[in-house]
Amino acid sequence: MVGANPIRKAYERANPVQLPGTLRRVLVRASQIPLKSKPSRWIALLTLVIGSSFALVQGGKTPSAGTLAANVRGAGDTFEDRFPKPTFRDRFPTQAESLAQHQATTADAQSRRVAQAPPPAPYRVASLAPTVPYQRPPREELTTLVGLKSSAFPYFGNNPRTDEPFINISKGERRGHRSYGGKVYWQDETYNDNRVLMHVPENFDIKKPGVIVVFFHGHGARLERDVRDRQLVPQQISQSGANAVLLAPQLAVDASDSSAGKFWQPGGLKRFINESSEHLARLYGDPNAAKTFANMPVIIVGYSGGFVPTAWSLEVGGLGNRVRGVVLLDAVYGELDKFASWVANNRSGFFVSAYTRYTQRHDQELMAMIREKGISISDDIEGPLRPGSVVFVKTADGVTHRDYVTHAWTDRPLKEVLVKMASQPGLTRFASYGAETTSSR
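Counting restarts for each chain, with residues numbered from 1 along the sequence as it is written. In keeping with the predicted nature of the model, local features appear solely for residues at pLDDT of at least 70, side-chain atom pairs appear and are counted solely at 80 or more, and the whole-chain, interface and lining totals rest on all residues. In computing side-chain values, all of the structure's heavy atoms are included and hydrogens and water are not.

Visitor: Mind showing me how you'd approach helix 10 (residues 233–240) here?
Guide: In an α-helix, one turn spans 3.6 residues, which is why side chains three or four residues apart end up on the same side. Partly exposed describes any residue whose relative accessible area lies between the buried limit of under 20% and the exposed limit of over 50%, with all areas from a 1.4 Å probe on protein chains only and scaled to the type maximum. Strands here are runs of E lasting at least two residues and helices are runs of H or I lasting at least four, both read from the DSSP assignment and numbered beginning at the N terminus. Along helix 10, the residues classified as buried are Val233, Pro234, Gln236, Ile237 and Ser240. For helix 10, the arc enclosing every buried residue in end-on projection is 165°, short of the 170-degree limit, so these residues lie on one face. Here a residue-residue contact requires only that any non-hydrogen atoms of the pair lie within 4.5 Å. In the core, the buried residues of helix 10 are packed alongside strand 1 (142–147), strand 7 (195–200), strand 8 (211–216), helix 9 (223–228), strand 9 (244–249) and helix 16 (413–422). Phi turns positive one or two residues past the end of helix 10, at Gly241, with a value near 80°. This arc describes the spread of directions from the helix axis toward the C-beta atoms.

Visitor: Would you mind showing me how to read the pairing of strand 11 (residues 323–329) here?
Guide: It is a general feature of regular strands that their side chains alternate between the two faces of the sheet. Counting buried positions over the seven residues of strand 11 gives seven, a clear majority of the element. At least two bridges found by DSSP between two strands are what make those strands a pair. Where strand 10 (residues 298–303) and strand 11 come together, six bridges link them in parallel fashion. Within strand 11, the position partnered with Ile299 by the bridge is Gly325. By convention, a crossover is right-handed whenever its connection, traced from the first strand over the helix to the second and viewed with the strands pointing away, goes clockwise. Of the crossover connections in this fold, the one passing from strand 10 over helix 13 (residues 307–316) to the parallel strand 11 is right-handed. Of the strand pairs in this sheet, strand 11 and strand 12 (residues 350–355) are connected by five bridges, and their pairing is parallel. Bridging from a neighbouring strand, Val326 pairs with Phe351 of strand 12. A crossover connection joins strand 11 to the parallel strand 12 through helix 14 (residues 336–345); in handedness this β-α-β unit is right-handed.

Visitor: So what exactly am I meant to see when it comes to the packing of helix 13 against helix 14 here?
Guide: Between two packed helices, what matters for the description is the angle formed by their axes and the separation of those axes. Note on geometry: axes are lines fitted to C-alpha atoms, helical ones only across the stretch in contact, with angles between N-to-C directions running from 0 to 180 degrees. The interhelical angle for the contact between helix 13 and helix 14, taken along N-to-C directions, is 45°, at an axis separation of 9 Å. Relative to helix 14, the element helix 13 is oriented oblique. For the pair helix 13 and helix 14, the crossing hand works out as left-handed. Of the residues in helix 14, those in contact with Phe307, Thr310, Ala311, Trp312, Leu314 and Glu315 of helix 13 are Lys338, Phe339 and Trp342. Angle categories: roughly parallel below 35 degrees, roughly antiparallel above 145, roughly perpendicular from 65 to 115, and oblique for all the rest. By convention the crossing between two helices is left-handed if the near helix lies anticlockwise of the far one by an angle smaller than a right angle, and right-handed if it lies clockwise.

Visitor: Just checking my understanding: could you explain the sheet that holds strand 4 (residues 169–171) for this structure?
Guide: Strand pairing in a sheet is mediated by backbone hydrogen bonds. Such pairs are either parallel or antiparallel. With antiparallel pairing, three strands are arranged side by side in an open sheet as 4-5-6. Edge positions in the open sheet fall to strand 4 and strand 6 (184–186), since each of these has one partner strand only. The average undirected angle you get between the axes of adjacent strands in this sheet is 40°. Of the strand pairs in this sheet, strand 5 (residues 174–178) and strand 6 are connected by three bridges, and their pairing is antiparallel. Bridging from a neighbouring strand, His177 pairs with Tyr185 of strand 6.

Visitor: For this particular structure, what's the right way to read the sheet that holds strand 1?
Guide: Across the sheet, eight strands lie side by side as 1-7-9-8-10-11-12-13; this open sheet has mixed pairing. Looking along the sheet, the strands with just one partner apiece sit at the ends: strand 1 and strand 13 (390–394). Taken pair by pair, the neighbouring strands of this sheet meet at an average axis angle of 15°, ignoring direction. Here five bridges tie strand 8 to strand 10, and the two strands are oriented parallel to one another. Counterpart to Phe215 in the pairing with strand 10 is Val301. Contacts between helix 13 and the sheet are confined to strand 8, strand 10 and strand 11, with strand 10 contributing the most and set at about 150° to the helix.

Visitor: Hey, could you run me through the pattern of salt bridges in this one?
Guide: Opposite charge on two side chains lets them pair, provided their charged atoms get close. Throughout this description, the term salt bridge denotes a Lys or Arg side-chain nitrogen within 4 Å of a carboxyl oxygen of Asp or Glu. Summed over all chains, the structure comprises eleven salt bridges. A salt bridge links Arg195 to Asp193, with the nearest nitrogen and oxygen atoms 3.0 Å apart. When its relative accessible area of 17% is taken as the criterion, Asp193 is described as buried. A salt bridge links Glu224 to Arg195; the shortest N-O distance between them is 3.0 Å. Separated by 29 residues along the polypeptide, Glu224 in helix 9 and Arg195 in strand 7 bring together distant segments of the chain.

Visitor: Where do I start with the packing of aromatic side chains in this structure?
Guide: When we look at a pair of aromatic rings, we describe it by the centre distance and by the angle of the planes. Classification of ring pairs rests on two measures: the distance between centres of Phe, Tyr or Trp rings, Trp counted by its six-membered ring, which must be within 6.5 Å, and the angle between planes, read as stacked under 30 degrees, edge-to-face over 60 and tilted in between. Under the counting rule described, the total for this entry stands at 14 aromatic pairs. Judged by centre distance (6.4 Å) and plane angle (75°), the rings of Tyr284 and Phe293 are edge-to-face. For Tyr284, a relative accessible area of 4% corresponds to the buried category. Consider the rings of Phe307 and Tyr333, whose centres lie 5.9 Å apart with planes at 45°: the pair is tilted. In this pair, Phe307 is assigned in helix 13 and Tyr333 in the loop between strand 11 and helix 14, connecting sequence segments 26 residues apart. On the accessibility criterion, Phe307 (11% relative accessible area) is buried. Each member of the aromatic cluster is reached from another via a ring pair, and the members are Phe153, Tyr155, Phe166, Tyr191 and Trp264.

Visitor: What is the right way to look at the nonpolar core in this model?
Guide: Here is a general trend for soluble globular proteins: nonpolar side chains tend to be buried in one another's company. Membership of the largest hydrophobic core comes to 63 residues, with the highest contact counts inside it found for Phe293 and Phe351. With seven residues, helix 11 (residues 268–284) is the single largest residue contributor to this core. Setting aside anything within four residues of it in sequence, one finds Phe293 in contact with Phe204, Ile206, Ile212, Val245, Ile273, Ser277, Leu280, Ala281, Tyr284 and Arg322. The criterion is simple. A nonpolar core is a set of buried Ala, Val, Leu, Ile, Met, Phe, Trp, Tyr and Cys residues joined through side-chain atoms within 4.5 Å. Counting 32 residues, the second-largest nonpolar core is a separate cluster that includes Ala242, Leu246, Val301 and Leu385.

In structure tokens form, the structure reads like this:
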């Protein structure tokens, strides 16, 4: 027993083939045979080893049908019983045994696209197609209200006429201004609106010479109710066909006050145009147009009480000869020296003053001041407006001051002036798309 174990182990080490169970049992029993002599045990062991060798050689091959039949243990133990044909259930798993199907989602598709996207090219590929310059998309004419820091109000500086603070009265926490006529207007109601009415006509073209019309309204006005809807200022600009845009700042809100606010300050008009240019470019739809708007010629139109910001913009506004024209609509109530000085010093622009009997005396005085400077004056508005033209037009007695912006010597007088101005290219020669110009002072 004990001596047989080393022999078996030595055999297993020399033949590292997995022995069949039957052969293994034979070897175990052989080692237990009680032989009397040592040679007899070796002969029995050799016989078993030789027989197992044939079994090992045959065990490495696929057993034949005869061999399998010889190993039958019972009448019911056939080949079909031991190796049955697979059924449908065996060949195809049930739903419970199958792997769950994954439904592809949009996120999966995107992740695959990202994973499969080729790396960016390390160089630019030349294109045979020509580079197309910026083209503004089609649009309709636009009118909007924009708040600007450089607009007339709020204003906390001095009144240059008196050199005293403009906000000169208080009541509790409220602050206000006592007007020239003695009436008190409060800051939070009358001088706190910094909005500007902007208008870009449908056919405006930044690539063509054009102008900015700055409109200063009169007393008792609001931008929407009066300038836009009653006086039809944006509509007149569009109907003129001139290549012009509109800026109309809110002055004193619905008040009998001609205060100019920030337009009293040196450079006030220039700052107003510069800040407005960015907004006009966005309204127009071309961000590259801001520089052109900032350098565009300007026409100032003052109606009624708008004469004060008009006069001070001419005197200290900072645009110099970029102001190509001045139109006063029944507006000469004062500041005559400033108007006369501008006419004398800016012979490249035109000056038109249309008046009723309410302002006739002041207009006649202004005409005398201009003639003293050796400048001729015309009372005929029918001809074209040329650089240096000075025209005073008296309108009939039946024309009312309130309706003067829509009915003066003709219906829609602002439209008429712009039509005449547009016939003279010299009045708008500063405008050039993408060009940078500077004023003379």
